[in-house]
Amino acid sequence: MAKYIVKQSGPLKGEVHISGAKNAVLPLMAATLLSEEKCVIRDVPHLRDVALMKELLSSLGSKIEETEEHVLSINTEDIVSTEADFEIVNKMRASILVMGPLLARKGRARVPHPGGCAIGARPIDLHLKGFEALGAILTVGDDYVEAVAGGQGLVGDTIYLDFPSVGATENIMMAAVFAEGTTYIENAAEEPEIVDLANFMNKMGAKIKGAGTDTIKIEGVKSLGSANHTVIPDRIEAGTFMLAAAITRGNVHINNVLPDHLKPVIAKLRECGVRIEVGDEDMIVRGNLGPQYATDIKTLPYPGFPTDIQSPFMAYLTTVEGSSTVIETVFENRFMHVSQLGKMGAIIETAGNKASVKGNAKLRGCQVMATDLRAGAALVLAGLVAEGTTEISEIYHIERGYEYFIEKFAALGAEIERVED
Ligand code: EPZ
């Protein structure tokens, strides 16, 4: 298995270009199942999860070509199967996002239960509640779930989401696109990735309004055509590099970022004393202009503080003056990085979904393990400032979600290398 070897590095300096968003490109790719014509998606990041989604779509009948670097052409004239492959679903939860499009286009979908993962059980009850409300008959087996549209096809309805689930909002939006009449999703997720998906679907001919607010209206249409779309920049990758600049007291110019997508992270880092200059599609983050102080963060659905930045931010908070509290409200088990940071000398106490983080930690390099994508990124950040060398195992978690991760950090002066065990 591969590992990262991270050495104490000086302040990071230079420019980094942010890739297309993992959490936008996966639903965008799933949505191409809705179109009978060729779709082109640009700024597609080279990620394991993208490769898995390509494999899944191909198994369902899509013809996929990488016409040039970061450009995918996807053509699904005919869907040859409505069953998602167990192996792929097992490796990537986001595979569940093909369920809505299959149900909409073919009237049926069968997907193995996407397992939970390190950060929580991650049920799909809200996805299924939406499909049922549209008239689908559900069969839930031990290891799969099937949805079949009634004889007259799906019919629009109003669906209230008990929690503003990102995946459920995306899946229901896609399932409703051909439903008779109008569908409303209430208490919908408002993430930028939802807006990106709605924009793409509208380019194909869908009639979706309200994406980015808590109520989304989908008027059923007969079919969808071709579309050309560029993925939005990855706000979570951008946030990770903001924290890399802050934790190393560096000076980093981040290109291809939409600062509007990162308001809570910008606000909290400014509270800590980090200087952030914001442009239209770039920002300069300076962690080298003076002392930095504790703050408190509480993760919330968008536009609140993003849960995916919680662990990298916690790594940073171990290095500032004073104690901070971190409250995680989105996932029930997203403090797996706490024990690993503790091995490096951080002093963090947790009680339920609240962590108390002591500042001024003397972090020391040692062997640690990535438990999920963002926890792994947090350990890399800690390794950059810890004394000595930090060895991070299970790095496949990190490489599923960050394109050219090592190369981008090394270009900023980080002493980091990837070794096969
Ligand atoms: C998406 O996951 C992202 N993944 C996650 O990013 C992100 O952390 C999450 O949204 C929240 O922003 C992708 O977009 C591929 P949810 P998703 O449904 O859709 C509960 C990363 O690191 N819930 O909004 O699975 C669920 O258990 C990943 O890039 C239900 O109870 O997130 C969780 O507690 C990690 N029933 C909460 O909602 C449901 O039917 C948020 O989940 C669905 C969700």
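Being a predicted model, the structure only gives us computed values, none of them experimental.

Re the overall build of the chain
A count of helical and extended segments in the chain gives 14 helices and 23 strands. Over its C-alpha atoms the chain spans a radius of gyration of 22 Å, differing by no more than 12% from the 22 Å that the globule rule assigns to 421 residues. When its C-alpha atoms are laid out on the principal axes, the chain stretches across 65 × 45 × 40 Å. Surface summary for the chain: the accessible area is close to 15,900 Å², and the carbon and sulfur share equals 48%.

Overview of the site of the ligand
The full set close to the ligand counts 21 residues, and Asp125, Leu126, Ser165, Asp308 and Val330 are the nearest of them. The separation between an oxygen atom of the ligand and a polar main-chain atom of Gly167 is 2.8 Å. Calculation on the ligand without its partners gives an accessible area of 830 Å², and the protein chains cover 87% of this total. Elements that contribute at least two residues to the shell around the ligand include exactly helix 1 (22-31), helix 5 (125-133), helix 6 (166-175) and helix 12 (373-385). The element that contributes the greatest number of residues to the shell around the ligand is helix 5, accounting for 3 residues. Partitioning the shell around the ligand into residue classes produces 9 nonpolar, 5 polar and 7 charged.

Topic: the nonpolar core
In terms of nonpolar packing, the biggest core is built from 76 residues, with Val98, Met173 and Met201 touching the most fellow members. Ranked by residues supplied to this core, first place goes to helix 1 with 7 residues. If sequence neighbours within four positions are ignored, Met201 has contacts with Ala31, Leu34, Met173, Met174, Val177, Ala206, Ile208 and Leu224. Ranked by size, the runner-up nonpolar core spans 68 residues in total, among them Tyr4, Ala315, Phe409 and Leu412.

What about the packing of helix 5 against helix 6?
In the contact formed by helix 5 and helix 6, the axes pass within 8 Å of each other and the chain directions differ by 20°. As the angle between them shows, helix 5 and helix 6 are arranged roughly parallel. In this structure, helix 5 crosses over helix 6, and the sense of that crossing is right-handed. Taking contact as the criterion, the partners of Leu126, His127, Gly130 and Phe131 in helix 5 are, on helix 6, Gly167, Ala168, Asn171, Ile172 and Ala175. Here the contact of helix 5 with helix 6 is built from residues that sort into 5 nonpolar, 4 polar and no charged.

Regarding the packing of aromatic side chains
Evaluated as defined, the whole model comprises 6 aromatic pairs. Residues Tyr4 and Phe405 carry aromatic rings whose centres are separated by 5.8 Å and whose planes lie at 10° to one another, so their mutual orientation is stacked. You can see Tyr4 sitting in strand 1 (residues 2-7) and its partner Phe405 sitting in helix 14 (residues 405-411), a full 401 residues away along the chain. Judged by its relative accessible area of 0%, Tyr4 falls in the buried class. Measuring from centroid to centroid gives 5.8 Å for Phe313 and Tyr316, while their planes differ by 90°, and the two rings are edge-to-face. In this pair, Phe313 and Tyr316 both sit in helix 10 (residues 310-317), 3 residues apart, roughly one turn of the helix. Judged by its relative accessible area of 0%, Tyr316 falls in the buried class.

Describing the sheet that holds strand 7 (residues 136-140)
Taken in spatial order, the 3 strands make up an open sheet running 6-8-7, and their pairing is antiparallel. Every interior strand has two partners, whereas the edge strands, strand 6 (108-112) and strand 7, have only one. Between one strand axis and the next, the sheet turns by 10° as a mean value, whatever way the strands run. Alignment of strand 6 against strand 8 (residues 144-149), held across 5 bridges, turns out to be antiparallel. Considered in strand 8, the bridge of Val111 is made with Val145. Here helix 5 sits on the sheet in contact with strand 7 and strand 8, set at roughly 145° to strand 7.

Rules and cut-offs
Every chain's residues receive numbers from 1 upward, in the order its sequence appears when written. Owing to the predicted nature of the model, reporting of local features is limited to residues with pLDDT of at least 70; listing and counting of side-chain atom pairs is limited to 80 or more, with chain, interface and lining totals taken over all residues. Where side-chain values are given, they derive from all heavy atoms of the structure, hydrogens and water being excluded. The way it works is that DSSP assigns letters per residue, a run of H or I at least four long becomes a helix, a run of E at least two long becomes a strand, and they are numbered from the N terminus. Restricting the calculation to C-alpha atoms gives the radius of gyration, and the globule rule supplies 2.2 Å times the number of residues raised to the power 0.38. For accessible areas, the Shrake-Rupley method is used with a probe of radius 1.4 Å. Any residue's cover is judged against the shown protein chains and nothing else. Here a residue is considered near a molecule or strand provided that any single heavy atom belonging to it is located within 4 Å of it. Polar contact criterion, stated in full: a pair of N or O atoms within 3.5 Å, where within protein one must be able to donate a hydrogen and the other to accept it, and residues adjacent in sequence count only if both atoms are side-chain atoms. Throughout this entry, Asp, Glu, Lys and Arg are counted as charged residues, while Ala, Val, Leu, Ile, Met, Phe, Trp, Tyr, Cys and Pro are counted as nonpolar. The remaining residues, Gly among them, count as polar. Definition used in this section: a nonpolar core is a set of buried Ala, Val, Leu, Ile, Met, Phe, Trp, Tyr and Cys residues joined via side-chain atoms within 4.5 Å. Any residue under 20% of the maximum accessible area for its type is buried, any over 50% is exposed, and the rest in between are partly exposed; the area is computed with a 1.4 Å probe on protein chains only. We call two residues in contact when some of their heavy atoms are within 4.5 Å. To define axes, lines are fitted to C-alpha atoms, for helices over the stretch in contact only, and angles between the resulting N-to-C directions are given on a 0 to 180 degree scale. Here is the rule for angles: anything less than 35 degrees is roughly parallel, anything more than 145 is roughly antiparallel, 65 through 115 is roughly perpendicular, and the remaining ranges are oblique. Left-handed is the label given to a crossing in which the near helix is rotated counterclockwise from the far helix by less than a right angle, and right-handed is the label when the rotation is clockwise. Think of it this way: a Phe, Tyr or Trp ring, Trp meaning its six-membered ring, pairs with another when their centres are within 6.5 Å, and the plane angle makes it stacked under 30 degrees, edge-to-face over 60, tilted otherwise. Here a strand pair is declared whenever DSSP counts at least two bridges between the two strands.

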